[in-house]
Each structure stands twice: as structure tokens, then as C-alpha cells.
There are 2 protein chains.
Amino acid sequence: MISVVILGAGNVGTHMSRAIFEAKNLKLIQWFNKTPIPNFTDYWGVNFNSDLDQIPEADLYIIAVSDGAIENLSERLPFSDRLVVHTSGSLSMRFLNNKNRRGVFYPLQTFSKTSELSFDQVPICIEANDKKDRALLKSVAEALGCPTYMISSEQRQTLHLAAVFVNNFTNQMYRLAHELTDEKSLDFELLKPLILETAKKVQTLSPYMAQTGPAKRNDKKTLKKHLKLLQEHPKIQDIYKILSESIRKTHG
Amino acid sequence: MISVVILGAGNVGTHMSRAIFEAKNLKLIQWFNKTPIPNFTDYWGVNFNSDLDQIPEADLYIIAVSDGAIENLSERLPFSDRLVVHTSGSLSMRFLNNKNRRGVFYPLQTFSKTSELSFDQVPICIEANDKKDRALLKSVAEALGCPTYMISSEQRQTLHLAAVFVNNFTNQMYRLAHELTDEKSLDFELLKPLILETAKKVQTLSPYMAQTGPAKRNDKKTLKKHLKLLQEHPKIQDIYKILSESIRKTHG
């Protein structure tokens, strides 16, 4: 049984605490947050603590706080020579204080407190200097049902950047479509099967092979018509232009 | 039993022929294409024809050819006063020759010959002047298991534009992520659960509510780091800037 303390109660900390709490072979022995969690009684009777001096000994400490708070929190931990990891996509492992053994346990997924997500199938990117520590982190991920990848800090930064494209920027495409359909009293519901199918398609085809549409075909008539439809939205029009040009470059 | 002739053997024509062929209460009495279909013996013993003069009488003719070919094909049909529809997202119903009763039967989905897709759940956008014709088109869509929406030509154009954002532009986000990960020898597989979850999230949350990430938080440190990572890709860097700015505007 691997004992784990989670530090942080944001989106990642909350989903991870729950997953570890429920996993066989893992024991969430404490969930730390500097301020008590609102509606804490909802949280499955886990041992909650907001005093750093009360953190118990554990096999693994997972710091799941915002990037800006990781360095300071890792410095203030009142113990040493234990395994401490962060869950950030963009920060190097070296942001953790070196009084403890360091590592990274980055779940490559989007988390919202309001959205249910099963933690299995979330790829976990692992980094640690020590071979035993890497093995322990791999065991924890596997106990959660997650595929694991050994990823360097440099690679992880690129991965985090790529995640911004497929998650935040993609979601902004949905948002712009929502604005356009709302304006014509069209139900956004209409676009949902297409959104899902677009994501499903690249599970088996490469994005290159999956591409269709006027920009790929260089169908100038349709491109012109779309730009005209956007003439009262110059900023969305600019986005239309730059992305059509990018598709044309990929397929031209 | 509603009898249907499909004209065209592109992505839409092929998927639609198969779905109509397999549907109860619908009879695909002919599949027309100006040139014979390669490997036609694969096509489930349907009555295939490439001679316009051999098109039989039917309740409905669905023209599923490229936008540029619709007007001409509808002119050359050797009959009149029958119901003829096209499947285009961007063309007005008026592109069909008025010797026949006209309509639109636009499936709002992405189709590839290489990708299996079940036709039910595909929203069908219907337009027709005649009430009876609208009812017939609705019956056909329902026999395919599809939700139906009555959509004007003007609304349909906006819908098609919105579809470019959630499908072609989103797919280009996947493509750019693929380029970035390839360059660092990272497996694109890693991003697939995130791609799927991003699409699933907006099935129940609005894109506005679903958004996360550095641009939404206006996390300047991460934005700067990402732009630096893209310094050798000025075109991708421009896309990063314009989309981060768009997110900032939405959530600012």
C-alpha cells in the first residue's frame, strides 16, 4: 500500500484526491490545503489538514497548487529526504526545493470541479532523477488505471504548449461558433455531434488525414463568402484568415 | 415506403446512400454518379446508374455533389415537378433549377470515406417551400434516426461557417499540436484523451464555462514562455497570439 499526501484543492488536487482515495493499493492519508475547503463534509471523510506542521510521513507528496505557489510551498515543507512531486505541465522539476527527492506527476487532461471525469485513461507524464522514485510514481499512476510516459522537463513544456492548442484554443473555436450561432438564433446543440466526431476522428486518423473543408480544397468562393459573413466581426475574420492560411500551408 | 435516388458518390453521397439503403421505411431505388464508382461490387448490390436518362421516378432526389456542380446537374435532370434537394451547407436552395420542387437536406457532420460513422445522431437541416415537402424530408431524416431542424438558407450559411470553426479549424489545432510534439519526439497518442475530453466537456457545459488555461487566467509568465518556445515557428506563434488575445477578450 503506497501512502500519499495531496497538497492543494484546485481542479487537479480535487480530482486527484478523489481518484487516489478510491484506488486500491493507494492510501490518501491526508489532503492538505492552506484554507479549509468549502463544503468539506462533501469530501468522503478524508483526513483534511490546513497546518503544514501536521503533515504525516508518507511515501509520496503531490503538490497540486498553482504554478506560482509551488516553489514556496515546497520550501516550507517541514521535512526532508522524502519524495515530493508537482503536477505542473510547464514548470521544471527544479522549482521544487532540493531538500527533498524531486519529481513530476503531470496528468495531461483538462479538469473542472463541475465536470465529472474518470481518472483512468488520463496519461501521466512522469519525471524523477532516482530510478526507484520513477518506479514508485509509475506504480501510483498504474494503480489509478492511467497510462504512463517518462517525459523530460523540456519535452513536458512542449507537451503543455501542444495541450493549449488542442484544449484551450479548440475550446475557443467552440466559443466563437457559439457566438456566431447565437446571433442567428441557432441552437448550439446542432454543432455538438460535429464537435464530438471531429475529436473522435483523430483517435484513429492523423489530423492531416482527417482534414476537410473549404480551406483545404482552396475553395475560394466559399472562403470569400465566409469572410463576407464575418465582415461585422473583424477580429473573428482575422482568425478565419490566419487559420485558413495555416490549413492551406499544411495541405498546399 | 419513401423511394429515394441519391446523385453523387463523394463522402456525403456515399455515407447517405449506405444509411438510406439500410434504413427501414426508405428505399434507395437508385444511386447515380456520372462516372462508375471504383470497386463498385463492394456497394451492397444497390442499383447503380451513370446515365441521367435512366433515372427512375422517386419521391425524393438527393443531389450530393460538390457545390460547383449542383446548379448544372439540377438543370440537366430530365423530369419536372418532383422533389429535388441538395446537401450543401453553404448554397441557397435557389441554386436548384425551379422546374422541380426544391429543398435542402444538409447533414451537419464531417464525413470521410475512410472513417466509419453511424448516421443516426447527425442533425439534418431541412428547408423547403412546400409544407408537404418539409414533412417528407422530416420523415426521411427520422427514418435515419436523425434529429431534424428547420433552417433557412441564411441561417444555414452561418451554421456552415460555425462548422468550419468547430471542425476544420479545430482539426488544424490538432495538426499544429502534432507538428510540435513530433519535433520533440513526443507521441501524439498522449494528447488524444485530452482532445476527446475537450469535445465531451462542451456537450454539457457551455464553451465559456469550459474554458481554462493561461490565456483565460491571463498568466503572463506562461504565455511568454510559450511564445518563446514558438520562436522558430513565427506562423504558429502568430496563431498563438491571436487566439490567446481572443480568449482574453472573451473572459477579460
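Residues numbered from 1 in each chain as written. Chains lettered and ligands numbered in written order. Predicted model: local features only at pLDDT ≥ 70, side-chain atom pairs only at ≥ 80, totals over all residues. Heavy atoms only, no water.

(A) Representation of the packing of helix H4 (residues 153-183) of chain A against helix H8 (residues 220-229) of chain B within the structure. Interaxial distance between H4(A) and H8(B) falls to 10 Å at its minimum, and their mutual angle equals 105°. By the angle between their directions, the pair H4(A) and H8(B) is classed as roughly perpendicular. Along the contact surface, H4(A) presents Gln157(A), Thr158(A), His160(A), Leu161(A) and Val164(A), while H8(B) presents Thr222(B), Lys225(B), His226(B) and Leu229(B). Taken together, the residues of the contact of H4(A) with H8(B) sort by class into three nonpolar, five polar and one charged. (Axes fitted to C-alpha atoms, helices over the stretch in contact; angles between N-to-C directions. Helix = DSSP H or I, 4+ residues; strand = E, 2+ residues; numbered from the N terminus. Parallel < 35°, antiparallel > 145°, perpendicular 65-115°, else oblique. Contact = heavy atoms within 4.5 Å. Nonpolar A, V, L, I, M, F, W, Y, C, P; charged D, E, K, R; others polar.)

(B) View of the relation of the copies chain B and chain A. Superposing chain B onto chain A takes a rotation of 180° plus a shift of 0.0 Å along the axis, which leaves an RMSD of 0.0 Å. Taken together, the turn and the small shift mark the pair as related by a two-fold rotation axis. By C-alpha distance to the rotation axis, the residue of chain B lying nearest is Thr170(B), at 2.6 Å. An overlap of 100% is found between the interface residues of chain B and their copies at the interface of chain A, pointing to a shared contact surface. (Least-squares fit on C-alpha atoms with pLDDT ≥ 70 in both.)

(C) Fine view of the nonpolar core. By size, the foremost hydrophobic cluster in this structure holds 74 residues, and its most contacted members are Phe165(A), Leu191(A), Phe165(B) and Leu191(B). Mapped onto this core, the elements with two or more residues apiece are strand S6 (101-107), H4, helix H5 (192-204) and helix H9 (234-251) of chain A together with strand S6 (101-107), helix H4 (153-183), helix H5 (192-204) and helix H9 (234-251) of chain B. Leu191(B) has contacts with Leu108(A), Leu159(A), Ala162(A), Ala163(A), Val166(A), Ala177(B) and Thr181(B), leaving out every residue within four places of it along the chain. One finds Ile2(A), Leu83(A), Ile126(A) and Cys146(A) within the second-largest nonpolar core, a separate group that totals 32 residues. (Core = buried A, V, L, I, M, F, W, Y, C linked by side-chain atoms within 4.5 Å. Buried < 20%, exposed > 50% of the residue type's maximum accessible area, 1.4 Å probe, protein only.)

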